[in-house]
Each structure stands twice: as C-alpha cells, then as structure tokens.
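Observations on the model geometry
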There are 4 protein chains.
Amino acid sequence: MTRRTALTSTTRLEAFSDGVFAIAITLLVLEIRVPPIQATANGRELVTALRELWPSYLGYLISFVTLGIMWANHHSMFRYVHRSNFHFLLINVLFLMFISFLPFPTALLATYLPVPDGRQAATAFYSAVLFVIALGFNAVWRYAVHGDRLLDPAADREAVKTISRRYLIGPTAYGVAFGLAFVNVWASLAVHGILTGLFLVPEHRGWLSSGA
Amino acid sequence: MTRRTALTSTTRLEAFSDGVFAIAITLLVLEIRVPPIQATANGRELVTALRELWPSYLGYLISFVTLGIMWANHHSMFRYVHRSNFHFLLINVLFLMFISFLPFPTALLATYLPVPDGRQAATAFYSAVLFVIALGFNAVWRYAVHGDRLLDPAADREAVKTISRRYLIGPTAYGVAFGLAFVNVWASLAVHGILTGLFLVPEHRGWLSSGA
Amino acid sequence: MTRRTALTSTTRLEAFSDGVFAIAITLLVLEIRVPPIQATANGRELVTALRELWPSYLGYLISFVTLGIMWANHHSMFRYVHRSNFHFLLINVLFLMFISFLPFPTALLATYLPVPDGRQAATAFYSAVLFVIALGFNAVWRYAVHGDRLLDPAADREAVKTISRRYLIGPTAYGVAFGLAFVNVWASLAVHGILTGLFLVPEHRGWLSSGA
Amino acid sequence: MTRRTALTSTTRLEAFSDGVFAIAITLLVLEIRVPPIQATANGRELVTALRELWPSYLGYLISFVTLGIMWANHHSMFRYVHRSNFHFLLINVLFLMFISFLPFPTALLATYLPVPDGRQAATAFYSAVLFVIALGFNAVWRYAVHGDRLLDPAADREAVKTISRRYLIGPTAYGVAFGLAFVNVWASLAVHGILTGLFLVPEHRGWLSSGA
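Residues numbered from 1 in each chain as written. Chains lettered and ligands numbered in written order. Predicted model: local features only at pLDDT ≥ 70, side-chain atom pairs only at ≥ 80, totals over all residues.

1. Description of the overall build of chain A
Looking only at helices and strands, chain A features 9 helices and 0 strands. Within chain A, the fraction of its 212 residues that count as buried is 54%. Intrachain contacts of chain A at a sequence separation of at least 6 include 78% that bridge at least 24 residues. (Helix = DSSP H or I, 4+ residues; strand = E, 2+ residues; numbered from the N terminus. Buried ≥ 20, exposed ≤ 12 C-beta atoms within 10 Å, placed from the backbone. Contact = placed C-beta atoms within 7 Å.)

Put into structure tokens, the structure is as follows:
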C-alpha cells in the first residue's frame, strides 16, 4: 500500500485547523456570565457588577489575541509546508487538542483571579496550558522542517532557520510566566500581556512575526 | 525576509472571518433559556413564560440581523480589497474579537430589559459594544483603502469613496444609541431597530448598502 | 453604482450557510444534560435517569434529521440557482435566523414533553418554528426562481416547477402538525416523525427529494 | 427527473462533515466545569479540585483523539470515494448525528467515573455510543464501495479490500469495550485507551491506518 505513505496536500488539514481555531476563539465568550438579577438591586449595582467582571474581560482579551496569533502563525506556516503525512496529521490533532482546551483555563483564570487564595494556582494552570500549546506549535513546525521532511522544495532555508529560532521565544516566555506564577501572579500575567502586546509592535513581534 | 512584508491574498482571512461570524451568530441562541419547569404549574403559565422571554427574542433578532449585515458587508468589502498584510490581519482579529463578544451584551440586554433599574446600564453597554464594532469595521476598511494600500488596482475609486462615507453612518448611529440610553432606553432601542429595519429597505439601506 | 445591483456568485453564501447549518446541528447536543449525581443514588437509578432522558434523545433525533434534510435541500438548490443579489442574501439571512433558533424549541420540547400541562404549548411552539422555517425555505427558493431571477439559464424548467410544487409539502405538513398540537400532542409529533421518516424512503421522499 | 439519481461530487459533503467534526471536537471542552469558588477555601483546595477533574481530562483526551481519528479516516475515505448520491448523503447525516452526540456521553462518563455506583452504566453508555459510531463509519464506507457504487474507477481494489477488513476492528473493539463495562469498568476503559494509543504506533494502527 504505497498510498499510506504518500505525501498528501495540506488543504483539508488547513481547513479543519481553521475551523477548530475559529470555534475555540468564539466559544471564549460563553465563559463570561451575565450577573444574576438578584445580585443587582439597582442600576448602579449592575454597573458595579459589570466592572467586577474585569477578570473575564481580561481573560477573553488575552486568550482571544493569543489564539488569533496562533492561528495567523499556523496559517503562515503553510507557506513553507506544502505536504502532509500521517504523523504530521497526528501531531496537528494533538496540538489542536490543547488549542480547543484553552476556554477552560481561561474561565478558571477569570473565576479565581479575584480570589486571593486561588489566583496563584489558576495563573500557573493557565500559563502551563499555554506553555504546552507553544511546545505543540514547535513540534508541528519542527516535524515538518526536520530534514526538509514536508517543506516546499523552493522554501527559503534561511527564512526557515530564522523562524525556527523565533518560535523558541514562545515556550521560553510561557515557561517564565509559569515559574513567575509561584512568585508573583501579576508579574506572570504581565508576561502574558507583554506577549500579547508584542503582536502590536511590528519591530519586536518576535516569534509572532511570521504571521502573514 | 521580503516574505514578511509580502502582500498575500485574502482567501484564508475571509474563510476564518466567515467561520467566526457563523459561529457567533449561531451561539446567540444559547442565551435563550428554557423556562424552568417549577415556574410553570400549568400549560397557560408556560405560554406566559414563553411570552415573557420577549426580551430574549428581541435581542436575538437585533443581534442576528446586525451580525448578518456585518457579515454581508465584510464579505462584500473583499470585492475591493484584494491583498492582505500583517497589520490588516491584526486589525481584523481585533474586529472579530468584538464580533464574537456580542453574545454577551445580547444576553445582558435580554436579562435586564425587564428590570427597571437595570435596563439603562444594559442598553448602554449593548450600544457601546456595537459602537466599538462599527468603529472596528471602519478601521478595517480604512486601513485597506488608505493610499490604495490593499485595494484591487481596478477598483472603482468613486465607489470606494461613497462606501467610505456611508460606513460613517454606523458609528454615528450607534453613538447616538449609546447617548440615548441615558435619556430613554426605548428611544435607544428604537435606533437599533431602525438600523436593523433599514436593511430591509433598499433605497435607504445607507451604510449597509454595499452588501452583495 | 451598478455594482450594487450586480448579480454575484453564490460561493460565499453557500459556505456561510453551511457553517450555520453545521453549527446549529452540532449545538443540539448541548441541550441534553447529564443527570445530576444527587438524583442517582445507585447504578440502577442512573440507568433510569438515562432512560427518562428519552424526550431529549427524541428531540435531538427529529431536529438533527430535519436540519440535515434542510441542509441537503438548501445545498441542492444551488444546482439550479447560480447567482445572488442583495435581497436574496437578505432572505437567506432571515431563513438562517430561524434555522439557528431551532436548538431553543428543541430544548423546550425535550423539557416539557414529560410534563402533562406543558407539552401542548411546547409541541405547538416547536411546530410553529418549523412551519416558519419551511415558509422561509420556500421564500428563498421562490425568490430565486420567480421570473427566472437567479436561475442557471440552463436549468430544466420542468424540474424547477416540480420542485416548487414539492416544497409546498413542508409548510403544509408543519401547519398540520401545529394545528394537531392543540388536539393531540402525540398526533402532532407523529407528523414530525413521518416527515423525518419519509427521508428514508426514496419513493415517497416528497419535498425532500431534490436533496443530492 | 434524471437529476435525482445523478451521482454528484463530494465537495460540499466533505466540507459539511469537516464542519460538524470540528465543532463537535471543540464543544468537548464545554463539559469541563470550573470548580465553584465556594468549594475551594484556599489555594491548596483549588489544586485538589483541579486534580479531581481528572475524569473530565481523561474523557476529553479519549473523545478528542477518537474524533480526530474518525475525522482523519473520514477524510481519507474520499481518496477512494469520488461520487455521492442521495442515500450516501443520508447515511452520512445519520453517522454525523452520532459524531455530534459524543459530547454528551463524554460528559456523562466524566461525571460518573468517580461515582462507584454510576461508573458502570456511564462506561457502558459511552462504549455503546462509540460502537454505534464505528458501525456508522462502516455503513458509510461499505455503502460507497459495495459493487463499486461510488468508487473512483481508478481506485486500487486490493487497498479497498484491505481497508474494508481493517474497519471491522472498530466495531469489534468497541463491542468488546461495551461488554467489558459490565465486568470491569477499568478494563473497558483500557480498551478505549489502547485504541487511542494505537493511533500513535504506525505499525499497529490497524483500522485507523488509512488516515492520510
């Protein structure tokens, strides 16, 4: 069965990945709950309740932009990767398993950020999931480029090397965010914020930079 | 790395945007809750309970049609915009962040519209989110057309200018709806209803008019 | 602006519709709730609790197959309809508004079917929504074929006429189901079951028959 | 009406199936609930609560990888199946009905796995649904290949026969898992784990092996 080892094109893998990214990113909003009517005896109290949802807004913002960046980078990866095989498909499915898991740690973070005794564990958990996502992203990329396995033969090898170096920034930064969670929660969240913010600055957009 | 500044095509951006629009619009229904059995001791009470869900139906109607219009306009934008770049992708992701946020203010509005002390804050919040969405839509469009940055070289420049003027109606109207929320909630909602209704009248469909 | 009245192709409308259908059909499962642990003191009680979810399974079955049929028919419609315009897009958005609304009446039906005093209202509501969906489907089709407005010039006019007649079966049958809900709930549900079952019988698949 | 029996291409069926797979796989995360704040008086208790969610993580893992495998196999099926007809569409819709049902038994399993009196029923239910999914997958495949009904004329008939034999492993293994649930829950879950794990081992990937 030579078909089994055939290198097939990436079209449907890209479409499936796009679907999972689009759905995971849109499900994030479901974790923001409308304040119950009982809790808001008058209009001012509703405004207060809406303000107190700031951890939900913050979690939504960070996770949405992070998934948006991941999607853009996953998308642009296929400017270099032109073929697929069974193991590449598998690694992608495992990567997507963590992508579509993100709404859970986001909701956890939003729930426990205002709780002094819970925010450390929640921030560490959130950072750990993003660390695994960043590792997964590297695994997808490195499997494809190792020995030019699935690369477009015409791909610029220097650009590929540059991208490979840049992608290391992700796991490193999220590893730091994970460690910082045990020292100072806000310092850990600041790393997340900085990574999100880097996206806005073309000159320093680092590992995010291959986004098309 | 000339690739990084390359102007790439818009196909996957359109597909991703379509996905987010389709998911956000379909998630709206999840905010309509089945009346609990306890509350309805007999059939007539269920009918009453279903009638009392009118704010949920209204929110669903306004938000669905609004997202439908936004999708149609975003869609038709790409009859003029034929290229993409990193910043355009970024602005689109931020725009989609508010599009996929809409189920939350819709649920908030549906919950607090029957509550005299809460409806003002809820209507203002809902209008504010739509104001930001309309601003975001303008940002996407204006970034693409500024200095013909991402325009199809063959695009009709007069049509582009007309569209640019029309798109200002959105932020203006939603700004008015936001201000009116503090004066009279029903007047504010009337603006939303009128904007939705304009869609039905070809001669006056204003900023909605470039829908294909 | 001749562009505004231009007849554009249907590709993205089809993709957006497919998305809404696929999401609405998949969201149906969210309405089936896991029995709470408290309610099930031992294994036998969990089996009983799972059996008592039969209205949820039934609602899932009917709504899933109905949406599947609708999707197949909407899909096959575009073998004849080759163009689009602003009003066609609008009618489609309104049609999709009721398609993506279906999880709510499905959950309502599943909740109130075991409640003697509530099942009539729930069945009538469910039938009414499907009646409107069937009307909407006819509106989409009839707008496109009226005066050959958006038809493929090569479309077989006899086939179009046959389809137009067949599509009347939908609103008629759902209208009957709505009326029967006030006489006998089970008779009304039988009509839904028969319509679903017709799909399985090629010789009698009636208005469903143009599905490719 | 010769059109009704026409053999049409599979493009939109594939796209619709991809959508349902992508949505069902992403909805799995919604069944993992954030531990309520009341239950966690201090940070250590949150860590404990997060650990106690292991049945949810396990269910998510097994169901995600299983759906991923199913998607990959459904996907690769269309390297051999190049045409569609009414009944093939119907069988696919019924198959997808069970695919998109999977989040419910997954949540059931996660909820009742820690409950000694409930875990047997939950594991049996979960295995039964996967048994039906595997049967459905076989039905889709066998309908298409029976008498070369919808096969690409150029398809390798030996490969088709090999795949047909391999696909029998699915219903067999899930049937065994179902039976084992009544003997020993953990043995039943081990079968699920082994099936998931086989995916990782190319030499033994059995019925999973036609994945592209």
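2. Here we look at the relation of the copies chain B and chain A
For the pair chain B and chain A, the best superposition has an RMSD of 0.0 Å and corresponds to a rotation of 90° with a translation of 0.0 Å parallel to the axis. The relationship between the two copies is best expressed as a four-fold rotation axis. (Least-squares fit on C-alpha atoms with pLDDT ≥ 70 in both.)

3. So, the interface of chain C and chain D
Listed per partner, the contact involves 30 residues of chain C and 33 residues of chain D. At the level of elements, helix H1 (11–27), helix H2 (43–51), helix H3 (54–77) and helix H7 (157–167) of chain C are the ones that each hand at least two residues to the side of chain C that touches chain D. Across the side of chain C that touches chain D, the residue classes break down as 19 nonpolar, 10 polar and 1 charged. (Nonpolar A, V, L, I, M, F, W, Y, C, P; charged D, E, K, R; others polar.)

4. Remarks on the interface of chain B and chain A
Facing the 33 residues of chain B at the interface are 30 residues of chain A. Residues of the side of chain B that touches chain A, tallied by class, amount to 22 nonpolar, 7 polar and 4 charged.

5. Some details on the relation of the copies chain C and chain D
Least-squares fitting of chain C to chain D yields an RMSD of 0.0 Å, with the superposition described by an axial translation of 0.0 Å and a rotation of 90°. The residues that chain C uses at the interface reappear at the interface of chain D in only 7% of cases, marking distinct surfaces.

6. As for the packing of H1 of chain C against H3 of chain C
Residue and element names in this part refer to chain C. Axis separation between H1 and H3 bottoms out at 10 Å; the angle between their running directions is 170°. Between H1 and H3, the angle falls in the class roughly antiparallel. In this structure, H1 uses Ser-17, Phe-21, Ala-24 and Ile-25 to contact H3, whose residues at the interface are Phe-64, Leu-67, Gly-68, Trp-71 and His-74. Residues that form the contact of H1 with H3 fall into these classes: 6 nonpolar, 3 polar and no charged. (Axes fitted to C-alpha atoms, helices over the stretch in contact; angles between N-to-C directions. Parallel < 35°, antiparallel > 145°, perpendicular 65-115°, else oblique.)

7. Here we look at the environment of Asp-117 of chain C
With respect to the element layout, Asp-117 of chain C can be found in the loop between helix H5 (103–112) and helix H6 (119–145). For the pair Asp-117 of chain C and Thr-106 of chain C, spaced 11 residues apart in the sequence, the C-alpha separation amounts to 17 Å.

8. Details of the environment of Phe-98 of chain B
If you trace the backbone, Phe-98 of chain B turns up in helix H4 (residues 86–99). On a C-alpha basis, the gap between Phe-98 of chain B and Met-77 of chain B in space is 18 Å, while along the polypeptide they are 21 residues apart.

9. Let's talk about the confidence of the model for chain A
Residues and elements named next belong to chain A. The predicted model of chain A has a mean per-residue pLDDT of 85, with 87% of residues at 70 or higher. Scored below 50 in pLDDT, residues 1–6 shows 4 contacts in the model against residues more than four places distant or in partner chains. Counting contacts from residues 203–212, a segment whose pLDDT is below 50, to residues more than four positions away or on other chains yields 32 contacts. Here the prediction assigns the complex a pTM of 0.87, and the interface score ipTM is 0.85. (pLDDT = per-residue confidence, 0-100.)

10. Brief notes about the environment of Pro-35 of chain D
Positionally, Pro-35 of chain D belongs in the loop between helix H1 (11–27) and helix H2 (43–51). Residues Pro-35 of chain D and Leu-53 of chain D lie 18 residues apart in sequence; the distance between their C-alpha atoms is 8.6 Å.

11. Remarks on the packing of helix H8 (residues 169–181) of chain D against helix H9 (residues 185–198) of chain D
All names here are of chain D. Interhelical geometry of H8 versus H9 gives an angle of 160° and a closest axis separation of 7 Å. As far as their axial angle goes, H9 and H8 are roughly antiparallel. Classified by chirality, the crossing of H9 by H8 is left-handed. Facing H8, whose interface residues are Ala-173, Val-176, Ala-177, Leu-180 and Ala-181, H9 presents Val-185, Ala-187, Ser-188, Val-191, His-192 and Leu-195. (Left-handed = near helix turned anticlockwise from the far one by under 90°.)

12. A few points about unusual backbone geometry
Residue and element names in this part refer to chain C. With a phi close to 55°, Asp-148 is a non-glycine residue in the positive phi region. Within the secondary structure layout, Asp-148 lies in the loop between H6 and H7. Note on Asp-148: 12 C-beta atoms within 10 Å, which makes it exposed.

13. With respect to helix H5 (residues 103–112) of chain D
Burial runs high along H5 of chain D: 10 of the 10 residues are buried. Of the residues making up H5 of chain D, those classed as buried are Pro-103, Phe-104, Pro-105, Thr-106, Ala-107, Leu-108, Leu-109, Ala-110, Thr-111 and Tyr-112 of chain D.

14. Things to note about helix H1 (residues 11–27) of chain A
Taking 1.5 Å of rise per residue, the 17 residues of H1 of chain A would be expected to cover 24 Å, and the 24 Å separating its terminal C-alpha atoms lies within 8% of that figure. A large share of H1 of chain A lies buried, amounting to 14 of its 17 residues. (Expected span 1.5 Å × (residues − 1).)

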